[in-house]
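Fold and contact review
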Amino acid sequence: VWGNRFEFGFMTEDDCGWTATINRMEGSQFIGGRTENMDTPMQMAAKFQSYELNRVYRQRLRNGGYFEPYIGARYAYVQDETRQDIFTDQFGLNDPLLTDTGRFLQESQNNLFGGTLGARMFRQTGRWTVSGNVATFLAYNKQTYYASDVIFDEDFSAGIVVERAKEGSTFVPVGECRIDLAYHLTRDIAFRVGGQVQYFFEGLDRANSLPTLFNPNSIQSGVLPINPLVSVEDQDMAVFTATFGLEWKR
């Protein structure tokens, strides 16, 4: 998926400053579910957002580089959505409930709040600047999971809507590593490329990829609506990103 990363900051003459970072990505694809049923493909969309503000302290190194430890706060958001439109009488049951055309929706949301502790280092040689960053993010995660079935009759003139939801909370530790290489076009403007890895250790709620007729969270699978929702609520996640863009510094 495509996204954007923005970083703003300033440093005082006392070698103390602030940085603010915004990171947003989202995209979708069609999948066949675990049964690989491509006659009724499921659309899955994923969204990731991160906002952080850090207090930075600069230490000048003998080799001409800089070491900058920082501490701050961060909010992150992870969301999955699935949608599947399906004609549900694939088993030939001729059940009035199961012979209609329907739509099954899922949505999982993770709202992570916590503190960030990290350090970055950079060094400029001629027109080139190499920088690296490592950080940890310890977060409280407020989870929500939502499932909805919309069942239409054959001519789409009437429908039944069944909505279900649940909430939970977990603790999620996150590790992050980043490296960048910048080429200075002028004194103030540089072209920069980089890579970043973020790993969310267990604690995320995710929407599963089971199709409607085999998904326990869909009433079209035969599971009664009063049964508890079964979401994947203690998962890990790795986010790998490659970045390119411009840097302006004075």
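Refer to the structure printed above.
The model shown is predicted, which means the values in this text are computed figures rather than measured ones.

Structural notes on the overall build of the chain
On a plain count of helices and strands, the chain comes out with zero helices and ten strands. Of all 250 residues assigned to the chain, the portion counted as buried reaches 39%. Looking at the chain alone, contacts between residues at least 24 apart form 69% of all its contacts between residues at least 6 apart. Carbon and sulfur atoms form 59% of the exposed surface of the chain, whose accessible area is close to 14100 Å².

Digging into the environment of Glu 68
Looking at where Glu 68 falls in the secondary structure, it is placed in strand β5 (residues 66-87). With relative accessibility at 0%, the residue Glu 68 sits in the buried group. Linking Glu 68 and Asp 15, residues 53 residues apart in sequence, is a C-alpha distance of 9.3 Å. Residues in contact with Glu 68, not counting those within four places in the same chain, are Met 11, Val 56, Tyr 57, Arg 58, Gly 118, Ala 119, Arg 120 and Phe 122.

Thoughts on the pattern of salt bridges
For the coordinates displayed, the defined rule picks out 15 salt bridges. The residue Arg 120 makes a salt bridge to Glu 7 at a minimum N-O spacing of 3.9 Å. Linking Arg 120 in strand β6 (residues 101-125) with Glu 7 in strand β1 (residues 2-11), this pair joins segments that are 113 residues apart in sequence. Overall, the relative accessible area of 22% leaves Arg 120 in the partly exposed class. Look at Glu 7 and you get partly exposed, because its relative accessible area is 35%.

So, the nonpolar core
If you look at the biggest cluster of nonpolar residues, it comprises 13 residues, and the most contacted ones within it are Phe 48, Leu 112, Phe 137, Phe 200 and Met 237. Listing elements by their share of this core, those giving two or more residues are β5, β7 (128-152), β8 (159-184), β9 (189-206) and β10 (232-248). In this structure Leu 112 touches Arg 74, Tyr 75, Ala 76, Val 78, Phe 137, Ala 139, Tyr 140, Asn 141, Val 172, Phe 200 and Leu 204, once residues within four positions along its chain are discounted.

Some details on the side chain of Glu 176
Counting through the fold element by element, Glu 176 comes out in strand β8. Of the residues examined, Glu 176 reaches a relative accessible area of 10% and is grouped as buried. Within the structure, Glu 176 has its side chain in polar contact with the side chain of Arg 74 (distance 3.1 Å). Those residues in contact with Glu 176 that lie beyond four places of it in its chain are Arg 74, Asn 133, Val 134, Ala 135, Gln 196, Val 197 and Gln 198.

Thoughts on the packing of aromatic side chains
If you walk through the whole model with that rule in mind, you get six aromatic pairs. With centroids separated by 4.6 Å and ring planes inclined at 90 degrees, the aromatic side chains of Tyr 199 and Phe 201 adopt a geometry described as edge-to-face. The exposure class of Phe 201 is partly exposed, given its relative accessible area of 41%. Three or more aromatic residues joined by ring pairs form one cluster here, namely Tyr 51, Tyr 75 and Phe 113. Above the plane of the ring of Tyr 66 lies Arg 58, whose end atom (NZ or CZ) is 4.7 Å from the centre.

Considerations on unusual backbone geometry
Of note in this structure, Asp 15 is not a glycine but carries a positive phi near 65 degrees. You can see Asp 15 is positioned in the loop between β1 and β2 (16-31). Judged by relative accessible area, which is 17%, Asp 15 ranks as buried.

So, the side chain of Gln 79
Structurally, Gln 79 can be placed in strand β5. For Gln 79, the side chain forms a polar contact with the side chain of Tyr 77, separated by 2.3 Å. Leaving out residues up to four positions away in the same chain, Gln 79 has contacts with Ala 45, Ala 46, Lys 47, Glu 107, Ser 108 and Gln 109.

A closer look at the environment of Ala 207
Looking at the element boundaries, Ala 207 is found in the loop between β9 and β10. Ala 207 sits 99 residues away from Ser 108 along the chain, and the two C-alpha atoms are 5.6 Å apart.

A short note on the pairing of β1
Note that β1 and β2 share ten bridges and pair antiparallel. Paired with Asn 4 across the bridge in β2 is Arg 24.

About the cut-offs
Residues numbered from 1 in each chain as written. Predicted model: local features only at pLDDT ≥ 70, side-chain atom pairs only at ≥ 80, totals over all residues. Heavy atoms only, no water. Helix = DSSP H or I, 4+ residues; strand = E, 2+ residues; numbered from the N terminus. Buried < 20%, exposed > 50% of the residue type's maximum accessible area, 1.4 Å probe, protein only. Contact = heavy atoms within 4.5 Å. Areas by Shrake-Rupley, 256 points an atom, 1.4 Å probe, with all protein chains shown as cover. Salt bridge = Lys/Arg side-chain N within 4 Å of Asp/Glu carboxyl O. Core = buried A, V, L, I, M, F, W, Y, C linked by side-chain atoms within 4.5 Å. Polar contact = N/O pair within 3.5 Å; in protein donor to acceptor, adjacent residues only side chain to side chain. Phe/Tyr/Trp six-rings, centres within 6.5 Å; stacked < 30°, edge-to-face > 60°. Lys NZ or Arg CZ within 6 Å of the ring centre and 35° of its normal. Pairing = 2+ DSSP bridges.

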